[in-house]
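Examination of the molecular architecture
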Amino acid sequence: MRNDQAGSPLIEIQRATVYRGDTCVFTDFSLSLQEGEHVAILGPNGAGKSTFLKLLAGEVHPVPNDATNIRLFGEEQWNVWDVRKRLGMVSHELQHQYMDQVTGLKVILSGFYASIGIYSHQDFSYAQVAMADKMLEEMGAGSLKDRRFGAMSTGEQRRCLLGRALVHDPTALVLDEPTSGLDLTATFHYLDLVRAHMQKGKTLLLVTHHIHEIPPEVERVVLLKQGKTLQDGEKRAVLTEANLSQLFDCPVTLVQANGWYQALPG
Ligand SMILES: Nc1ncnc2c1ncn2[C@@H]1O[C@H](COP(=O)(O)OP(=O)(O)O)[C@@H](O)[C@H]1O
Ligand SMILES: [Mg+2]
């Protein structure tokens, strides 16, 4: 579902070359996304999906080059903390980095500062605490308010991190393999929560190698392989057996039901 803001540029990357250590992940990579356009970037392990998100979060940088142009929210210059607040991100790395002793409510509160845990110098208004409380309930995590992060199940941790990503009302929700490691119930619950926020106007940017976690509302799919765009377009046209077989280098049979897709051995 497109929201009222559809059409304003969210992310514009032109001709970026990006290294991680000695590995050149992207060479002359370009991709633009609009606000209100739900997009899934699908690709095998090592394709560069997480690196792309790190580029958005300002955790990795392109090689300086006159031809390279990156605009976020239409601006060439941005404050990394502003961007982190406008993009509600959840990644596995975040889940691993997150400190075990932080309680459920504080995990959510930390979203207001895009920090990991909360600190004595950070002030929270009554309104922010109330919003965090409400978000915890909305995530079905009310009982985790005082529970340590380290004592939560993977699904509970993931829902708290989703609440953290949403509490500051970002423009877009940015998820890296959102349901990997979750059982079927936790997967369905998590995807329901994500879809509810898409319907409330959040733009979804999803990066994954799991075809089955692409919600029906996603209209555009980008196939990424070895840092290159293999296909980019309307989901129905891009998610084909031929394209996926080429993407994953193995024969794929694709099944589809109620707007969801699943890959089976070909
Ligand atoms: N810190 C790093 N140092 C060196 N190479 C890295 C580092 N992180 C990732 N890479 C390499 O960059 C490539 C892209 O990784 P990544 O963006 O994590 O892919 P994906 O998320 O699609 O699985 C891979 O070849 C990976 O080995
Ligand atoms: Mg990754």
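Higher on the page you've got the structure.
Now for a look at the structure at hand. In this text the structure is predicted, and so the values were computed from the model without any measurement. (Residues numbered from 1 in each chain as written. Chains lettered and ligands numbered in written order. Predicted model: local features only at pLDDT ≥ 70, side-chain atom pairs only at ≥ 80, totals over all residues.)

Describing the site of ligand 1
Put simply, the test is: In this entry, near means the residue's backbone-placed C-beta atom lies within 6 Å of the molecule or strand. The helix count covers DSSP runs of H or I at least four residues long, the strand count covers runs of E at least two residues long, and both are numbered beginning at the N terminus. Here the nonpolar group is Ala, Val, Leu, Ile, Met, Phe, Trp, Tyr, Cys and Pro; Asp, Glu, Lys and Arg are the charged ones; every other residue, Gly included, is treated as polar.
Taken together, Arg20, Gly21, Thr23, Val25, Gly43, Asn45, Gly46, Ala47, Gly48, Lys49, Ser50 and Thr51 are the residues near ligand 1. No other element matches helix α1 (residues 49–56), which puts 3 residues into the shell around ligand 1. Along the lines of polarity and charge, the residues of the shell around ligand 1 split into 2 nonpolar, 8 polar and 2 charged.

Some thoughts on the sheet that holds strand β4 (residues 69–72)
Defined as follows: DSSP bridges decide pairing: two strands pair if at least two such bridges lie between them. As a rule, the C-alpha atoms of each element are fitted with a line to give its axis, helices using only the stretch in contact, and angles between N-to-C directions run from 0 to 180 degrees. We call two residues in contact if the C-beta atoms placed from their backbones are at most 7 Å apart.
Taken in spatial order, the 3 strands make up an open sheet running β2-β1-β4, and their pairing is antiparallel. Looking along the sheet, the strands with just one partner apiece sit at the ends: β2 (23–34) and β4. Going from strand to strand, the sheet's axes swing by 25° on average, the running direction of each strand aside. Pairing between strand β1 (residues 9–20) and β4: 4 bridges, direction antiparallel. The residue of β4 that forms the bridge with isoleucine 11 is leucine 72. Sitting on the sheet, α1 touches β1, β2 and β4, and the angle it makes with β1 is about 115°.

Digging into unusual backbone geometry
To keep it simple, the criterion reads: Whether a residue is buried, exposed or partly exposed follows from its count of other C-beta atoms within 10 Å of its own C-beta, namely 20 or more, 12 or fewer, or something in between, respectively; the C-beta atoms are built from the backbone.
Phi at phenylalanine 73 takes a positive value of approximately 55°, unusual for a residue other than glycine. Structurally, phenylalanine 73 can be placed in the loop between β4 and α2 (80–86). For phenylalanine 73, a count of 17 C-beta atoms within 10 Å gives the class partly exposed. Positive phi outside glycine occurs at aspartate 249, with the angle close to 55°.

What to know about the nonpolar core
Heads up, the rule is: Each nonpolar core comprises buried Ala, Val, Leu, Ile, Met, Phe, Trp, Tyr and Cys residues, the members being joined through C-beta atoms within 7 Å.
If you look at the biggest cluster of nonpolar residues, it comprises 65 residues, and the most contacted ones within it are Ile108, Cys160 and Val174. If sequence neighbours within four positions are ignored, valine 174 has contacts with Leu53, Leu56, Leu87, Gly88, Met89 and Leu205.

Thoughts on the sheet that holds strand β6 (residues 172–176)
Strand order in the open sheet made by the 6 strands is β5-β6-β7-β3-β8-β9, with mixed pairing throughout. Each end of this open sheet is capped by a strand with a single partner; those strands are β5 (87–90) and β9 (228–234). Averaged over all pairs of adjacent strands, the angle between strand axes in this sheet comes to 15°, irrespective of strand direction. As defined by bridge partners, β5 adjoins β6 across 4 bridges and the pair is classed as parallel. Within β6, the position partnered with glycine 88 by the bridge is leucine 173.

Concerning the environment of aspartate 133
Mapped onto the secondary structure, aspartate 133 falls in helix α5 (residues 126–138). When the C-alpha positions of aspartate 133 and glycine 227 are compared, they lie 40 Å apart, and in sequence the two are 94 residues distant.

A short note on the packing of helix α6 (residues 154–166) against helix α7 (residues 184–199)
When two helices pack together, their arrangement is captured by the angle between the axes and the distance separating the axes. Just so we agree on the cut-off: We call two directions roughly parallel when the angle between them is under 35 degrees, roughly antiparallel when it is over 145, roughly perpendicular when it lies between 65 and 115, and oblique otherwise.
For the pair α6 and α7, interaxial distance at closest approach is 10 Å and the crossing angle is 10°. The angle between α6 and α7 falls in the class roughly parallel. Here Gly155, Arg158, Arg159, Leu162 and Leu166 of α6 lie close against α7, whose contacting residues are Ala186, Tyr190, Leu193 and His197. Grouping the constituent residues of the contact of α6 with α7 by class yields 5 nonpolar, 2 polar and 2 charged.

Observations concerning α1
Among the 8 residues of α1, 8 are classified as buried, and the element is accordingly described as predominantly covered. All of the buried residues in α1 are Lys49, Ser50, Thr51, Phe52, Leu53, Lys54, Leu55 and Leu56. Just past α1, the residue glycine 58 takes up positive phi, approximately 75°.

Regarding the environment of aspartate 232
Take aspartate 232: it is sitting in strand β9. In this structure aspartate 232 comes out as partly exposed when scored by C-beta crowding, with 15 C-beta atoms within 10 Å. Each C-alpha atom of the pair aspartate 232 and leucine 42 lies 10 Å from the other, and the pair is 190 residues apart in sequence.

Looking at the environment of proline 62
Looking at the secondary structure, you find proline 62 in the loop between α1 and β4. Remark: the alpha-carbon pair of proline 62 and phenylalanine 26, spanning 36 residues in sequence, is separated by 8.8 Å. With sequence-adjacent residues up to four places away left out, proline 62 is seen in contact with Ala16, Thr17, Val18, Thr68 and Ile70.

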